[in-house]
Every structure is written in structure tokens, then in C-alpha cells.
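Residue-level structural notes
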Amino acid sequence: MTAYTVQIEKTLAERLERAANTAKVSPVDLIEECVRQHLDIAIRHLALVERLEAVDQGLLELATFVGEATAGGDVDVSSLCRYSPAKV
């Protein structure tokens, strides 16, 4: 295990100690759990941002493809998508 030294202001330390007492854990254990939870959230946030960037890139590529495919003028746009609506 790696140990870190953290300095926090007095009012926050008091809140931390009260919260630890309420939860019946040590302040060190409470700090560890808080850091763990925040890291989990940060990792999930980064994954979501990466997915959004991938979607944005895909939309940009799709828009570029459609723009280039329809630049010639008389184009049957329904042939661009393999998921065309059912014919009645």
C-alpha cells in the first residue's frame, strides 16, 4: 500500500472527523472511500466523453459521406441508407 500525506483546512477536518464518527469508521478509511468513489466517477466520466467524441466523429463522417454522395445533383437519396422505410 502507498501512503500519502494530505493537509486540509481545520473546518474540513472537523467535518471529516464528525462524518467518520457518524459512520463509525476512521477518518483515514473515510478519506480512502471518498477518493475511491471520486476516482470511479472520474473514470466513468472519461469513458462517456470518449464515447461522445466517437459519436461526434461518426456523425461528421456520415455528414461528409452524404454531402459528397449528393454533391452531383440528381441523386436518389433513398439508396444511401440500407435501412430504408418499408414499401407499401
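Throughout what follows, the structure given in this document is the object of discussion. What you see is a predicted model, and the numbers here were worked out from it, not measured in a lab. (Residues numbered from 1 in each chain as written. Predicted model: local features only at pLDDT ≥ 70, side-chain atom pairs only at ≥ 80, totals over all residues. Heavy atoms only, no water.)

**Describing the overall build of the protein chain**
Check the secondary structure of the protein chain and you find 2 helices and 0 strands. Sorting the 88 residues of the protein chain into buried and exposed places 5% on the buried side. In the form shown here, the protein chain has an accessible surface area of approximately 8300 Å², with 60% of it arising from carbon and sulfur atoms. (Helix = DSSP H or I, 4+ residues; strand = E, 2+ residues; numbered from the N terminus. Buried < 20%, exposed > 50% of the residue type's maximum accessible area, 1.4 Å probe, protein only. Areas by Shrake-Rupley, 256 points an atom, 1.4 Å probe, with all protein chains shown as cover.)

**Section: the pattern of salt bridges**
If you walk through the whole model with that rule in mind, you get 2 salt bridges. A salt bridge links Arg36 to Glu32; the nearest nitrogen and oxygen atoms lie 3.1 Å apart. Linking Arg36 with Glu32, this pair stays in helix 2 (residues 27-69), spanning 4 residues, or about one helical turn. With its nearest N and O atoms 3.1 Å apart, the salt bridge here joins Arg36 to Glu33. With Arg36 and Glu33 both in helix 2 and 3 residues apart, the pair spans about one turn of that helix. Residue Arg36 is classed as partly exposed on the basis of its relative accessible area of 40%. Salt bridges linked by common partners bring Glu32, Glu33 and Arg36 together as one network. (Salt bridge = Lys/Arg side-chain N within 4 Å of Asp/Glu carboxyl O.)

**Some thoughts on the packing of helix 1 (residues 10-23) against helix 2**
It is the contact of helix 1 with helix 2, at a shortest axis distance of 9 Å, that shows an interaxial angle of 95°. Put simply, helix 1 runs roughly perpendicular to helix 2. Between helix 1, through Leu16, Glu17, Ala19 and Ala20, and helix 2, the contact on the second element is made entirely by Pro27, Leu30 and Ile31. Taken together, the residues of the contact of helix 1 with helix 2 break down into 6 nonpolar, no polar and 1 charged. (Axes fitted to C-alpha atoms, helices over the stretch in contact; angles between N-to-C directions. Parallel < 35°, antiparallel > 145°, perpendicular 65-115°, else oblique. Contact = heavy atoms within 4.5 Å. Nonpolar A, V, L, I, M, F, W, Y, C, P; charged D, E, K, R; others polar.)

**A closer look at the environment of Ala20**
Looking at where Ala20 falls in the secondary structure, it is placed in helix 1. Sequence separation between Ala20 and Ile31 is 11 residues, and the spatial gap between their C-alpha atoms is 9.0 Å. Contact partners of Ala20, with chain neighbours within four places excluded, come to Val25, Ser26, Pro27 and Leu30.

**Digging into helix 1**
Spanning 14 residues, helix 1 covers 20 Å between terminal C-alpha atoms, matching the ideal 20 Å at 1.5 Å per step. Buried-residue contacts for helix 1 involve helix 2. Just beyond helix 1, the residue with positive phi is Lys24, at close to 60°. (Expected span 1.5 Å × (residues − 1).)

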